[in-house]
Amino acid sequence: MWWGFLLLGVLWIWFGMFVLSYRVGSLAAVAAFVGVAFLFGGITQLAVATRAESWRWLYVISGILAIAAAIGTFVWPDITLYVVSVLVAWYLIFFGIIHLVDALAGPKVAWWWTTLLLGIAELVLGVWAVRSW
């Protein structure tokens, strides 16, 4: 089945190249990808709810919310892209700070400086993304 992974990798590279081309269709492709991800996530949560022994109600609620988010994504793709970009920017800032603190205050293991570089890159990219949505 190695060819399946190769084919999937080639498709992902093509999708990434199309998105990075920054055409009108590329933004619609990202919005559709987010909507499909919400939809499949919601369906998965509802399927897991049928097998869960405890906290079943939480799986049902999260599945319904994910499907509602998918419908909202397909109805308002421009708002979805804005919200996703803001969430990703703050995610980068938050984990950039965590990686910086871990690299500077944590035990100095081999290659500790790679965590420092990762934290700096995440923080810089996150601050840039927050400022230029």
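What comes next concerns the included structure.

Rules of the game
- Residues numbered from 1 in each chain as written.
- Predicted model: local features only at pLDDT ≥ 70, side-chain atom pairs only at ≥ 80, totals over all residues.
- Heavy atoms only, no water.
- Helix = DSSP H or I, 4+ residues; strand = E, 2+ residues; numbered from the N terminus.
- Rg over C-alpha atoms; globule rule 2.2 N^0.38 Å.
- Buried < 20%, exposed > 50% of the residue type's maximum accessible area, 1.4 Å probe, protein only.
- Axes fitted to C-alpha atoms, helices over the stretch in contact; angles between N-to-C directions.
- Parallel < 35°, antiparallel > 145°, perpendicular 65-115°, else oblique.
- Left-handed = near helix turned anticlockwise from the far one by under 90°.
- Nonpolar A, V, L, I, M, F, W, Y, C, P; charged D, E, K, R; others polar.
- Lys, Arg positive; Asp, Glu negative; His and termini not counted.
- Salt bridge = Lys/Arg side-chain N within 4 Å of Asp/Glu carboxyl O.
- Contact = heavy atoms within 4.5 Å.
- Phe/Tyr/Trp six-rings, centres within 6.5 Å; stacked < 30°, edge-to-face > 60°.
- Lys NZ or Arg CZ within 6 Å of the ring centre and 35° of its normal.
- Polar contact = N/O pair within 3.5 Å; in protein donor to acceptor, adjacent residues only side chain to side chain.

### A closer look at the overall build of the protein chain
Move 1: A count of helical and extended segments in the protein chain gives five helices and zero strands.
Move 2: Secondary structure elements of the protein chain, listed N to C terminal, follow the sequence α-α-α-α-α.
Move 3: The C-alpha atoms of the protein chain give a radius of gyration of 19 Å, which is well past the 14 Å a tight globule of 133 residues would have.
Move 4: When burial is assessed residue by residue, the protein chain has 20% of its 133 residues classed as buried.

### Brief notes about the packing of helix H4 (residues 77–105) against helix H5 (residues 112–131)
Move 1: Contact geometry of H4 with H5 gives a least axis separation of 7 Å together with a crossing angle of 155°. Between H4 and H5, the interaxial angle falls into the category roughly antiparallel. As for how H4 packs across H5, the hand of that crossing is left-handed.
Move 2: Of the residues belonging to the contact of H4 with H5, the class tally is 18 nonpolar, five polar and two charged.

### Quick look at the side chain of Glu122
Move 1: Structurally, Glu122 is set in helix H5.
Move 2: Of the side chains with opposite charge, Lys108 lies nearest to the buried Glu122, which makes no salt bridge, at 16 Å.
Move 3: If sequence neighbours within four positions are ignored, Glu122 has contacts with Leu92, Ile93, Phe95, Gly96 and His99.

### Topic: the packing of aromatic side chains
Move 1: Tallied over the full model, the rule gives seven aromatic pairs.
Move 2: Arranged with centres 5.3 Å apart and planes meeting at 90°, the rings of Trp12 and Phe33 form a pair that is edge-to-face. Here Trp12, found in helix H1 (residues 2–20), pairs with Phe33, found in helix H2 (residues 24–51); they are 21 residues apart in sequence, far enough to count as distant.
Move 3: Overall, Phe33 belongs to the partly exposed group, its relative accessible area being 40%.
Move 4: Between Tyr91 and Phe95, the aromatic rings sit 4.6 Å apart at their centres with planes inclined by 50°, giving tilted as the arrangement. Residue Tyr91 and its partner Phe95 are located together in helix H4, separated by four residues, close to a single helical turn.
Move 5: According to the relative accessible area criterion, Tyr91 is partly exposed, its value standing at 49%.
Move 6: Put simply, the rings of Trp12, Phe15 and Phe33 pair up and form one aromatic cluster.
Move 7: Sitting over the face of the ring of Trp112, Lys108 holds its NZ or CZ atom 5.1 Å from the ring centroid.

### Observations concerning the environment of Ser85
Move 1: You can see Ser85 is positioned in helix H4.
Move 2: A residue is classified by how much of its surface remains accessible, and Ser85, at 28% relative accessible area, is partly exposed.
Move 3: Here the alpha-carbon distance between Ser85 and Ser132, two residues 47 residues apart in the chain, equals 9.9 Å.
Move 4: Looking at Ser85, its side chain comes within polar contact range of the main-chain oxygen of Tyr82, at 2.7 Å.

### Structural notes on the side chain of Thr73
Move 1: Following the sequence through the fold, Thr73 ends up in helix H3 (residues 56–75).
Move 2: Taking the relative accessible area as the measure of exposure, Thr73 reaches 3% and is therefore buried.
Move 3: Beyond its immediate chain neighbours, meaning those up to four positions away, Thr73 contacts Ala31, Val34, Gly35, Phe38 and Thr80.

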